[in-house]
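Examining the three-dimensional arrangement
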Amino acid sequence: VIRVSQPVFLGNEATYVADALAKGQLSQGEYVLRFEEAFAKFCSAKYAVSCNSGTAALHLSMLALGVKPGDAVLMPALSYVATANAVAYCGGYPVFVDIDSKTWAIDVSKIEEALLNAKVSGLKPVGILPVHLFGVSADMHELNSIAKKHDLWLVEDAAQAHGMLYRGCAPGSFSKTACYSFYANKILACGEGGMLTTDDELIADLAQLYRGQGQHPADARYFHRVVGYNYRMTELSAAIGLGQLECYPEHVRRRKIVVEEYQRLIDENLPRQERPQDSADWMFAVLVPSEDRDDIAEKLLIRGVETRPVFPPLSTLPPHLERFVPPVSYEISHRGICLPTHAGMSEIDVRYVVDSLKSVGPSPYYTAVERFGMVARGEW
Ligand SMILES: Cc1ncc(COP(=O)(O)O)c(C=O)c1O
C-alpha cells in the first residue's frame, strides 16, 4: 500500500535515540536543548520552546497571550480540531471565518464582518489564528494590517508548514508565535511533539512556565507559581526530531518532486489548491465531486493507494457547533481528497497514484451546486 503519509528517517535519528538511551536520559536533556536551538535557527526565531504536541504549542501560545472567557479568536473554518480546541481550553471562543477558494487559508476579505459579528454577540476579539493548510501560507501581509488596525495579535498554526516561507520569511516573522507539530505524519516527525517559536522573550518565558507545571526553569524546585501543565517533550522525541531536522533539505527535495509530478500528471481540469513556490509540501489534495469522494477513496485503497478526506469544517463538530457553515469551507471539505505525499515516495509511486486516480474517476459530472461554485470562481 502507498500510504498517505509515512515518516522517513534519513539521518542520525536512530544514533541519537540510542545515545539518549545509553545515557539513561528519557526526560528533557541535551537533545531537547539541541533540538530547540536548531529549530529556532531553522525558523530564524529568537526562541523555540519545545512541547509534547502541536496542540500544546497552540495552547501555550493562548495561555501566554492571556486568552480568557469572553475572548474571541478568529480562525479559518477549515482546519484540524486542535486549532479551535486550544482557544476553548482557555474558555475563549473560536470564531470561524470562511477560507479562500484558491489557497484554502483564511479569507482575509471576510474578517471585518466576522469581527463585527463577534462584537455584536458580546465577545471581545483579541487575536487571529491563521492556519497554513497543507503547507500553503495564509495572506500574512493583509492579516498583519488587519491585526494592526484592530489591535489584535496574530498566532500562526504552522503545524503543517515546516520550512514554508512567506515573502522569504518563516512563520512567526509577522506574529507573536508560530506553532508546529511533529506528529508522525508531519514533514518533520518524531511521533508526538510540538514547538512554539517566538521573538518575544516574555512569551517564551511564559510558555516555559506553563509547559513545566507552572514551575519556571529558574524557580526553586517544586515551587509552582501558577496552575501549569505537563507539556514537556521527551528526550527520545527530541533525538528523533533533531535527526529529522538535520536532513530537512533532503526531505524538501523529495517532497517537491512528488508534488511537482502530481501537478504535471494530474488532469489540469481537476481543481486543486493553489500552491506558491515557497509552500511546504505537506499534503497534495484535489477536488472531486462530493458524492463520489468516498467511493473514489475506497476504490483507490483496493488498488493499494491510501488517501484521506479533507477535515470537516470546525463549525460542524459537536464541541464547536454553529448554525452557519461557511460555504467554501463546506465545499472543499466535502470534495477534497488528499493523495499520498511523503518523502518515501518514488516517481513510479506518484505515477501509479495518478494512473489509479484516472482509472477510478473522478467522474466528469458535478452537481449543479458544485458547477455553480466552479463557474463563479472561473474554474469551469
Ligand atoms: C493544522 C493543525 N493544527 C494543529 C495540529 C495539532 O498537532 P498535534 O497533533 O501535534 O497536537 C495539527 C495536527 O495534525 C494540525 O494539522
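An account of the accompanying structure is given in this report. (Residues numbered from 1 in each chain as written. Predicted model: local features only at pLDDT ≥ 70, side-chain atom pairs only at ≥ 80, totals over all residues. Heavy atoms only, no water.)

Formed by 45 residues in total, the largest nonpolar core has its most connected members in Phe35, Phe39, Trp104, Phe134, Tyr180, Phe182 and Ile332. Sorting elements by how many residues they give to this core places helix α2 (residues 30-42) first, with five residues. Residues in contact with Ile332, not counting those within four places in the same chain, are Leu78, Ile99, Ser101, Trp104, Leu287 and Val310. Counting residues in each nonpolar core, the second largest holds 30 residues, with Leu60, Leu63, Ala82 and Tyr210 among its members. (Core = buried A, V, L, I, M, F, W, Y, C linked by side-chain atoms within 4.5 Å. Buried < 20%, exposed > 50% of the residue type's maximum accessible area, 1.4 Å probe, protein only. Helix = DSSP H or I, 4+ residues; strand = E, 2+ residues; numbered from the N terminus. Contact = heavy atoms within 4.5 Å.)

What follows concerns the site of the ligand. Close to the ligand lie 15 residues; Gly54, Thr55, Asp157, Ser181 and Lys186 are nearest. Take Thr55: an N or O atom from its side chain is 2.5 Å from an oxygen atom of the ligand. Here a nitrogen atom of the ligand and a side-chain polar atom of Asp157 are 2.7 Å apart. When the ligand is considered free in solution it has 390 Å² of accessible area, and contact with the protein chains removes 93% of it. Listed by contribution, the elements that provide at least two residues to the shell around the ligand are α3 (54-64) and α4 (81-89). The dominant element in the shell around the ligand, judged by the number of residues it contributes, is α3, at three residues. The class makeup of the residues in the shell around the ligand is five nonpolar, eight polar and two charged. (Near = heavy atom within 4 Å. Polar contact = N/O pair within 3.5 Å; in protein donor to acceptor, adjacent residues only side chain to side chain. Areas by Shrake-Rupley, 256 points an atom, 1.4 Å probe, with all protein chains shown as cover. Nonpolar A, V, L, I, M, F, W, Y, C, P; charged D, E, K, R; others polar.)

Two elements in contact, helix α10 (residues 290-302) and helix α12 (residues 347-360), have axes whose closest approach is 10 Å; the angle formed by their N-to-C orientations is 130°. Judged by the angle between their axes, α10 and α12 are oblique. As α10 packs across α12, the resulting crossing turns out to be right-handed. Every residue of α12 that contacts α10 at Ile296, Lys299 and Leu300 is listed here: Ser356, Leu357 and Val360. (Axes fitted to C-alpha atoms, helices over the stretch in contact; angles between N-to-C directions. Parallel < 35°, antiparallel > 145°, perpendicular 65-115°, else oblique. Left-handed = near helix turned anticlockwise from the far one by under 90°.)

In this section: unusual backbone geometry. Trans is the prevailing form of peptide bonds, just as negative phi is the prevailing case for residues other than glycine. Even without a glycine there, the phi angle at Trp104 is positive, about 65°. For Trp104, the position within the fold is in the loop between β3 (93-97) and α5 (111-120). The class for Trp104 is buried, based on a relative accessible area of 1%. Look at Gln213: it is not a glycine, yet its phi comes out positive at around 60°. Looking at the element boundaries, Gln213 is found in the loop between α7 (201-211) and α8 (235-246). Gln213 gets classed as partly exposed once you look at its relative accessible area, which sits at 36%.

Another aspect to go through is the sheet that holds strand β10 (residues 336-339). The antiparallel open sheet is built from three strands, whose spatial order is β8-β10-β9. Each edge of the sheet is formed by a strand with only one pairing partner; in this case those strands are β8 (284-287) and β9 (308-309). Note that β8 and β10 share four bridges and pair antiparallel. Note on β10: the bridge partner recorded for Leu287 is Gly336. Where helix α11 (residues 327-335) meets the sheet, it contacts β8 and β10, and its direction lies at approximately 50° from that of β10. (Pairing = 2+ DSSP bridges.)

With that out of the way, let us pick up α5. Note: α-helices contain 3.6 residues per turn, so residues at a spacing of three or four share the same orientation. Turning to α5, its buried residues number three or more, namely Ile111, Ala114, Leu115 and Ala118. Looking down the long axis of α5, one finds its buried residues gathered within 100° of arc, a one-sided arrangement. What points out from α5, more than 90 degrees from its buried face, is the exposed set Glu113, Leu116 and Val120. Where the residues of α5 are buried, they touch β2 (71-76), β3, β4 (124-128) and α6 (140-150). Positioned one or two residues after α5, Gly122 has a phi angle of 90°, which is positive. (Arc of directions from axis to C-beta.)

Helix-helix packing is characterised by the crossing angle of the two axes and by the distance between the axes. Taken N-terminus to C-terminus, the directions of α3 and α4 make an angle of 40°; their axes are 9 Å apart at the nearest point. As the angle between them shows, α3 and α4 are arranged oblique. For the pair α3 and α4, the sense of crossing is right-handed. Facing Thr55, Leu58, His59 and Met62 of α3, the residues of α4 in contact are Ala82, Thr83, Ala86, Val87 and Tyr89. Looking at the contact of α3 with α4, its residues break down into six nonpolar, three polar and no charged.

So, on to the sheet that holds β4. Judged by pairing direction, the sheet is mixed, and its seven strands sit side by side in the order β1-β7-β6-β5-β4-β2-β3 without closing on themselves. The sheet is open, and its two borders are formed by β1 (47-51) and β3, each paired with just one other strand. Here the strands of the sheet are splayed against their neighbours by 30° on average, with no regard to which way each runs. In this structure, strand β5 (residues 153-157) lies alongside strand β6 (residues 177-181), joined through three bridges in parallel fashion. Note on β6: the bridge partner recorded for Asp157 is Cys179. Across the face of the sheet, α2 comes into contact with β1, β6 and β7 (194-198) while running at roughly 135° to β1.

Every buried residue belonging to α6 is among Met140, Leu143, Ile146 and Ala147, and all of these are buried. The arc that holds every buried residue of α6, seen down its axis, measures 125°, which confines them to one face. Away from the buried face of α6 by more than 90 degrees, exposed residues Lys148 and Lys149 are located. Among the structural elements, α5, β4 and β5 are those in contact with the buried residues of α6. Looking at the residues trailing α6, positive phi occurs at Asp151, about 55°.

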